[in-house]
Amino acid sequence: METIVFEGELKNGQPILMRKLCQEQLPEILALQEEVIDALEVKERLQPLTEDEFRFILDGNGEMIGVYADGEMIAWRAMLIPDNDHEGLGRDVGVPEEKIGQVIYQEISAVSPKWRGYSLQTLMGLVLMDRVDAERYRYVCSTVMPGNIPSLKDKFKQGLEARALKEKYGGKLRYVFFKDLKAPEQRRKESLDIPMDDIAGQQKLLAEGWAGTVMVENGNGWFVRYER
C-alpha cells in the first residue's frame with residue numbers, strides 16, 4: 001500500500017493527498033512531466049529527467065512524492081541521493097571533499113498547469129525537506145534557471161541560499177542553491193540588491209563570499225538580495 005505522507009486541503013477547499021511514489025506510478029510521472037513541458041513558454045526553464053533517471057530515484061536513491069486530487073496526480077517532486085555528487089553541486093558551493101557523501105539534491109518538480117497558484121511546489125518542498133534524514137545528509141543542493149521566479153521563491157522560502165551562478169547541464173546558466181542543515185543561523189551585516197539580469201555583478205558578489213537570500217520586486221523588475 002502506498003504511504004500517505006500528507007493529507008489536507010488547498011485554499012479553495014479541494015482535499016488533496018500526498019503519497020510516496022514508486023515504480024508503478026512512473027507512467028503518471030512521465031505524463032505529467034510532458035504536460036508541464038508542453039505548457040512552458042521557455043522550455044529551458046525545466047531540466048527534464050529521463051525515464052532511467054526517474055527509475056534510479058524510485059529504486060531507493062532518493063524519494064518522490066505526488067499530490068493527488070480526486071484520484072488524479074496533479075503534482076510531484078523529487079529528492080535525489082547523488083552518486084558522488086555527480087552534477088558537482090556540492091563541490092560548486094564548497095562542501096569539503098570528505099563530506100561529499102552527505103550531499104542530497106532537491107531535484108525536479110512538476111505541477112499541472114491546471115493546478116498552478118496553489119503553492120503546491122512549495123508545499124511539496126517543505127514536506128520533502130522535513131523527511132530528509134539529517135543524521136545521514138547534512139547538505140541540500142539544487143539548481144534554478146535565472147528568471148524562473150516561482151522556483152527561485154520556492155528555494156528561498158525553504159531557507160536555501162544562492163551560492164553560485166554558473167553554467168551547468170551542458171552550458172545552461174543556473175543558480176546553485178545550498179543549505180547546511182546543521183549550521184547555526186547566521187547574522188549578516190551587509191546587504192545589496194542586484195538586478196537578476198546582472199549576471200556578472202552577481203557572480204562577482206558570489207566570488208567574494210556573498211550569498212543570495214531572497215527575491216525582491218520593485219518597479220524596475222526582479223532583484224536578488226545578497227548578504228554577507
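Throughout, residues of each chain are indexed from 1 in the direction in which the sequence is written. Residue-level local features of this predicted model are given only where pLDDT is at least 70; pairs of side-chain atoms are given and counted only at 80 or more, and the full residue set underlies all totals for whole chains, interfaces and linings. To get the side-chain values, take all heavy atoms of the structure and skip hydrogens and water.

1. Topic: the overall build of the protein chain
For helices the rule is a DSSP run of H or I covering at least 4 residues; for strands it is a run of E covering at least 2, with both sets numbered from the N terminus onward. Tallying secondary structure elements over the protein chain gives six helices and 11 strands in all. Counting only C-alpha atoms, the protein chain reaches 50 × 45 × 35 Å along its principal axes. Categorising residues by exposure relies on relative accessible area from a 1.4 Å probe, with only protein chains included: less than 20% of the type maximum marks a residue as buried, more than 50% marks it as exposed, and the intermediate range marks it as partly exposed. Scored against the burial criterion, the 228 residues of the protein chain give a buried share of 46%. Here the contacts in the protein chain between residues at least 6 apart in sequence split such that 64% fall between residues at least 24 apart. Neither His nor the chain ends is counted toward charge; the positive residues are Lys and Arg and the negative residues Asp and Glu. The location of each charge is read from NZ of Lys, CZ of Arg, CG of Asp or CD of Glu. The centroid of the 30 positive side-chain charges in the protein chain is displaced by 6 Å from the centroid of its 39 negative side-chain charges. The criterion used for residue contact is that any of the two residues' heavy atoms lie within 4.5 Å.

2. Here we look at the nonpolar core
Ranked by internal contacts, the top residues of the largest apolar core, which has 37 residues, are Val-67, Leu-120, Leu-152, Tyr-175, Phe-177 and Tyr-226. Per-element accounting of this core gives the leading share, five residues, to helix 4 (residues 120-131). Once residues lying within four places of it in the same chain are set aside, the contact partners of Tyr-226 are Tyr-175, Glu-190, Ser-191, Leu-192, Ile-194, Gln-202, Leu-205, Leu-206, Trp-210, Ala-211 and Gly-212. Nonpolar cores were defined as sets of buried Ala, Val, Leu, Ile, Met, Phe, Trp, Tyr and Cys residues, with membership established by side-chain atoms within 4.5 Å. The next biggest cluster of nonpolar side chains, apart from the first, holds 31 residues, and it includes Leu-46, Leu-49, Met-64 and Ile-100.

3. Brief notes about helix 6 (residues 199-207)
An α-helical segment advances 3.6 residues per turn. Residues three or four places apart therefore align on the same side. The complete set of buried residues in helix 6 reads Gly-201, Gln-202, Leu-205 and Leu-206. Seen end-on, helix 6 carries its buried residues on one side only, within an arc spanning 135°. Every exposed residue of helix 6 that faces more than 90 degrees away from the buried side is listed here: Ala-200, Lys-204 and Ala-207. Turning to helix 6, the residues buried within the fold contact strand 7 (161-168), strand 8 (172-180), strand 9 (191-195) and strand 11 (221-227). Once helix 6 finishes, Gly-209 follows within two positions and takes phi at roughly 100°, a positive value. For this quantity, the arc is that covered by the directions from the helix axis to the C-beta atoms.

4. A closer look at the packing of aromatic side chains
Between rings of Phe, Tyr and Trp, where Trp is taken as its six-membered ring, a pair exists when centres lie within 6.5 Å; planes separated by under 30 degrees are stacked, by over 60 edge-to-face, and by other angles tilted. This model, assessed by the stated rule, comprises five aromatic pairs. With centroids separated by 6.2 Å and ring planes inclined at 55°, the aromatic side chains of Tyr-175 and Phe-177 adopt a geometry described as tilted. Judged by relative accessible area, Phe-177 falls into the buried class, the value being 0%. Taken together through their ring pairs, the aromatic side chains of Phe-156, Tyr-175 and Phe-177 make up a single cluster. A cation over an aromatic ring shows up here: Arg-19 above the ring of Tyr-68, its NZ or CZ 4.8 Å from the ring centre. Over a ring means this: the NZ of a Lys or the CZ of an Arg is within 6 Å of the ring centre and within 35 degrees of the ring normal.

5. Considerations on the packing of helix 1 (residues 26-39) against helix 2 (residues 51-58)
Two numbers describe how helix 1 lies on helix 2: the axes approach to 11 Å, and their chain directions differ by 130°. By the angle between their directions, the pair helix 1 and helix 2 is classed as oblique. Pair helix 1 / helix 2 crosses with right-handed handedness. On the side of helix 1, the interface is formed by Leu-26, Ile-29, Leu-30 and Gln-33, while helix 2 contributes Glu-51, Phe-54, Arg-55 and Leu-58. Classification used: nonpolar for Ala, Val, Leu, Ile, Met, Phe, Trp, Tyr, Cys and Pro, charged for Asp, Glu, Lys and Arg, polar for all others including Gly. Its residues assigned to classes, the contact of helix 1 with helix 2 comprises five nonpolar, one polar and two charged. Lines are fitted to the C-alpha atoms to define the axes, a helix being fitted only along its stretch in contact, and any angle between axes, read from their N-to-C directions, falls within 0 to 180 degrees. Any angle between 65 and 115 degrees counts as roughly perpendicular, while under 35 counts as roughly parallel, over 145 as roughly antiparallel, and the rest as oblique. By definition, any crossing whose near helix is turned counterclockwise from its far helix by less than a right angle is left-handed, and any crossing with a clockwise turn is right-handed.

6. Notes on the pairing of strand 5 (residues 103-111)
Burial within strand 5 is extensive, with eight of its nine residues counted as buried. Pairing analysis gives five bridges linking strand 4 (residues 72-80) to strand 5, with the strands arranged antiparallel. In the sheet register, Leu-80 faces strand 5, and the bridge partner there is Tyr-105. Two strands pair if DSSP finds at least two bridges between them. Where strand 5 and strand 6 (residues 139-144) come together, three bridges link them in parallel fashion. Looking at strand 6, one finds that Val-103 is bridged to Tyr-139. When the strands point away from the viewer and the path from the first strand over the helix to the second turns clockwise, the crossover is right-handed. Taken together, strand 5, helix 4 and strand 6 constitute a β-α-β crossover, and its handedness is right-handed.

7. Some points on the environment of Ile-65
Its place among the elements puts Ile-65 in strand 3 (residues 62-69). Once the C-alpha coordinates of Ile-65 and Ala-78 are considered, the two residues, 13 residues apart in sequence, prove to be 6.6 Å apart. Setting aside chain neighbours within four positions, we find Ile-65 in contact with Val-5, Met-18, Arg-19, Lys-20, Leu-21, Ala-75, Trp-76, Arg-77, Met-124, Val-127 and Leu-128.

8. Regarding the environment of Asp-198
In this fold, Asp-198 is placed in the loop between strand 9 and helix 6. Remark: the alpha-carbon pair of Asp-198 and Asn-12, spanning 186 residues in sequence, is separated by 38 Å. Any pair of nitrogen or oxygen atoms within 3.5 Å is treated as a polar contact; in protein, a donor-acceptor pairing is required on top of that, and neighbouring residues in sequence qualify only through side-chain atoms on both sides. One polar contact links the side chain of Asp-198 to the main-chain amide nitrogen of Gly-201, over a distance of 2.8 Å.

By themselves, these figures tell us nothing about what the structure is for.
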